[in-house]
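What follows is each chain in one-letter form.
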Amino acid sequence: MKEKHNWGWPIASYLFLGGLGGGMIVLAGLADLAFGRGEPFSLSSLIAGVAIAIGSGLLIFELGRPSQFWRVLSRQKAIMTAGAWMLSLTIVTSFAYFSFWPDFSPWRELVGLRHLVAGINIVLGLGVCIYTGILLGSLRARAFWNTPILPVLFLVSGLSSGAAAQALLAGAWPSRGGAAEVEAAHAALRSLDLTLIVFELMVLFLYVVMMRLASGKVAARIAATWLAGRNCFTFWGGLVILGLVAPALLYLVPSAAALLAAPVLILIGGLILRFLVVFSDERDELPGEGQYYSRLPKPDAPFLKAWD
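Position labels on residues start from 1 in each chain and follow its written sequence. Predicted model: local features are reported for residues with pLDDT of at least 70 only, side-chain atom pairs are reported and counted for 80 or more only, and whole-chain, interface and lining totals are derived from all residues. Values reported for side chains reflect all heavy atoms of the structure, with hydrogen atoms and water molecules removed beforehand.

Trainee: How would you explain the overall build of the protein if you had to name every residue and give the values?
Mentor: Note on conventions: DSSP H or I runs of at least 4 residues are helices, E runs of at least 2 residues are strands, and numbering of each starts at the N terminus. Counting its secondary structure elements, the protein contains 11 helices and 0 strands. Reading the protein from its N end, one meets helices and strands in the order α-α-α-α-α-α-α-α-α-α-α. Exposure is judged per residue with a 1.4 Å probe applied to protein chains only, and the accessible area is read against the type maximum: over 50% gives exposed, under 20% gives buried, and values in between give partly exposed. For the protein, the residues scored as buried account for 48% of the 308 residues in total. Of all intrachain contacts in the protein linking residues separated by at least 6 positions in sequence, the fraction that spans at least 24 positions is 75%. Note on areas: Shrake-Rupley with a 1.4 Å probe; residue coverage comes only from the protein chains shown. As displayed, the protein has an accessible area near 15400 Å², and 70% of this comes from carbon and sulfur atoms. Between two residues, a contact is recorded if the distance between any of their heavy atoms is within 4.5 Å.

Trainee: An account of the layout of surface pockets is needed here, citing residue identities and associated values.
Mentor: Considering only enclosed or pocket space, the second largest pocket measures out at about 250 Å³ in volume. For the second largest pocket, the full set of lining residues is Leu27, Leu30, Ala31, Ala34, Phe35, Arg37, Phe41, Ala184, Ala185, Ala188, Leu189 and Leu192. Counting only elements with at least two residues in the lining of the second largest pocket, the list comes to α1 (9–35) and α6 (178–214). Partitioned by chemical class, the residues of the lining of the second largest pocket number 11 nonpolar, no polar and 1 charged. Cavities and pockets were defined on a 1 Å grid built over protein atoms only: a cavity is a set of grid points that admits a 1.4 Å probe from which the probe cannot escape, a pocket is an open set flanked by protein on both sides within 12 Å along at least five of seven lines, and lining residues are those with an atom within 4 Å of any such point. Grid points are joined across faces, edges and corners, and a volume is the space filled by probe spheres set on the points. Three classes are used, and their members are as follows: Ala, Val, Leu, Ile, Met, Phe, Trp, Tyr, Cys and Pro are nonpolar, Asp, Glu, Lys and Arg are charged, and the others, Gly among them, are polar.

Trainee: If you had to explain the nonpolar core to someone new, which residues and values would you point to?
Mentor: To form a nonpolar core, buried Ala, Val, Leu, Ile, Met, Phe, Trp, Tyr and Cys residues must be joined to one another through side-chain atoms within 4.5 Å. Membership of the largest hydrophobic core comes to 58 residues, with the highest contact counts inside it found for Phe144, Leu204, Tyr207 and Trp226. Once residues within four sequence positions are removed from consideration, leucine 204 is found in contact with Leu153, Trp226, Phe235, Leu239, Val240, Leu244 and Leu273. Among the nonpolar cores identified, the runner-up in size contains 13 residues, and Ala28, Val117, Ala167 and Ala185 belong to it.

Trainee: With reference to specific residues and values, describe empty space enclosed by the protein.
Mentor: What the rule picks out here adds up to 2 cavities of 30 Å³ or more. The wall of the second largest cavity is formed by Ser157, Ser160, Ser161, Glu200, Gly243, Leu244, Ile266, Gly269 and Gly270. Of all the elements in the fold, those that place two or more residues in the lining of the second largest cavity are α5 (149–169), α8 (232–251) and α9 (256–278).

Trainee: Tell me what's going on with the side chain of aspartate 193, and back it up with residues and numbers.
Mentor: Inspection of the secondary structure assignment puts aspartate 193 in helix α6. In summary, the charge assignment counts Lys and Arg as positive and Asp and Glu as negative, without counting His or the chain termini. Put simply, a salt bridge is a Lys or Arg side-chain nitrogen that is within 4 Å of an Asp or Glu carboxyl oxygen. One buried charged residue, aspartate 193, forms no salt bridge at all, with the nearest opposite charge on arginine 190 at 10.0 Å. Filtering out sequence-adjacent residues up to four positions away, aspartate 193 remains in contact with Ser160, Ala163, Ala164, Tyr251 and Ile266.

Trainee: How would you sum up the packing of aromatic side chains? Please name residues and give values.
Mentor: Any two of the Phe, Tyr and Trp rings considered here, Trp counted by its six-membered ring, make a pair once their centres fall within 6.5 Å; the pair's planes then place it as stacked at under 30 degrees, edge-to-face at over 60, or tilted in between. Enumeration according to the criterion identifies 9 aromatic pairs in this entry. With a centroid separation of 6.4 Å and an interplanar angle of 80 degrees, the aromatic rings of tyrosine 207 and tryptophan 226 are classed as edge-to-face. Of this pair, tyrosine 207 sits in helix α6 while tryptophan 226 sits in helix α7 (residues 217–228), and the two are 19 residues apart along the sequence. Accessibility classification places tyrosine 207 together with tryptophan 226 in one group, the buried group. Seen in terms of ring centroids, phenylalanine 275 and phenylalanine 279 are 6.0 Å apart; in terms of plane orientation they differ by 10 degrees. Their pairing is stacked. Assessed through its relative accessible area of 27%, phenylalanine 275 is described here as partly exposed. A network of ring pairs unites the aromatic residues Phe144, Phe205, Tyr207, Trp226, Phe235 and Trp236 as a single cluster. A ring is scored as having a charge over it whenever the NZ atom of a lysine or the CZ atom of an arginine sits within 6 Å of its centre and within 35 degrees of its normal. Sitting over the face of the ring of phenylalanine 154, arginine 274 holds its NZ or CZ atom 4.8 Å from the ring centroid.

Trainee: How would you sum up the side chain of serine 13? Please name residues and give values.
Mentor: Residue position: serine 13 is located in helix α1. On the accessibility criterion, serine 13 (14% relative accessible area) is buried. Setting aside residues no more than four positions away along its own chain, serine 13 makes contact with Leu58 and Phe275.

Trainee: Go over the packing of helix α4 (residues 111–137) against α5 with me, naming the residues and quoting the values.
Mentor: The description of two helices packed together rests on the angle between their axes and the distance between the axes. To get an axis, fit a line to the C-alpha atoms, keeping to the stretch in contact for a helix; angles then go from 0 to 180 degrees between the N-to-C directions. Packing of α4 against α5 leaves a shortest axis separation of 8 Å and a crossing angle of 140 degrees. Crossing of α4 against α5: the hand is right-handed. For the pair α4 and α5, contact is made by Leu126, Cys129, Ile130, Thr132, Gly133, Ile134, Leu136 and Gly137 and by Leu150, Pro151, Phe154, Leu155, Gly158 and Leu159, respectively. In the contact of α4 with α5, the residues fall into 10 nonpolar, 4 polar and no charged. By definition, turning the near helix anticlockwise from the far helix through less than a right angle yields a left-handed crossing, and turning it clockwise yields a right-handed one.

Trainee: I'd love a proper account of the pattern of salt bridges, names of residues and values included.
Mentor: Enumeration over the complete set of coordinates arrives at 2 salt bridges. As a salt-bridge pair, arginine 114 and aspartate 32 come within 2.8 Å of each other at their nearest N and O atoms. Of this pair, arginine 114 sits in helix α4 while aspartate 32 sits in helix α1, and the two are 82 residues apart along the sequence. Grouping residues by exposure puts arginine 114 and aspartate 32 together as buried. Across the salt bridge formed by arginine 108 and aspartate 103, the nearest N and O atoms sit 3.7 Å from each other. You can call arginine 108 buried: its relative accessible area is 10%.

Scope: geometric values only; no functional claims are made or implied.
This is how it looks when you write it as structure tokens:
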């Protein structure tokens with residue numbers, strides 16, 4: 001029998017695009033505020049906004065009734081409402097930040113205002129990266145998702161994916177600092193991403209091992225499929241080796257081809273991670289759920305037949 005999943009590839013793609021876009025604008029803002037080198041990263045803020053917008057569109061269509069998407073903005077206590085407002089605002093501020101950089105921009109010289117928007121982007125970008133994990137972790141019946149480690153994992157992965165995308169885009173937008181500034185940006189991104197990869201590996205194994213040893217039966221069974229079951233090839237070969245270990249080693253090779261391949265592999269690894277997590281959505285029984293359903297009337301109950 002074919003295994004049925006409640007959420008499919010659009011949600012996994014949204015989680016990837018949201019984390020990617022969030023990571024990109026965080027790093028663009030930090031480069032501008034902390035190092036005064038925002039221009040080589042300026043194009044990425046525009047692409048980040050587009051990525052988040054596309055991901056949000058996938059989320060709307062996957063959850064059904066896309067024409068009623070505006071209703072999610074009005075439920076004050078729903079976690080998706082806070083996320084929807086944050087995503088919408090992030091799209092606007094990422095476009096706004098990019099608008100400071102073109103030569104024809106009338107507010108190009110308003111550096112203080114640009115720095116303010118960069119600071120807002122840092123906060124929102126971190127929020128978007130974390131939110132992608134919180135969205136899944138809030139579903140208590142999905143035991144493999146219901147852990148505070150998942151938002152941390154998605155945050156680190158989002159920042160790493162953002163650094164990889166920045167490495168591919170650095171220099172695509174003309175920089176007044178010239179080739180030297182672009183090369184300095186590439187060197188900084190390599191060092192940062194290498195650190196993030198090491199940290200991501202640590203968080204990833206903590207997550208999987210904890211689910212395997214210290215969680216309930218359902219989460220332990222899913223973790224076992226990652227480590228030595230039907231998903232082990234995707235986990236070890238696709239995520240760990242191809243998506244994390246290989247790019248880390250390539251970052252150490254002084255070759256243009258290696259430095260191009262490394263960020264591409266990181267992006268592939270980030271996508272594999274989201275797909276693995278989303279398709280590990282086996283449902284666990286909530287406390288008291290079985291007792292509740294046991295008290296419901298059977299379909300052949302006499303009083304129900306009276307309505308036929």
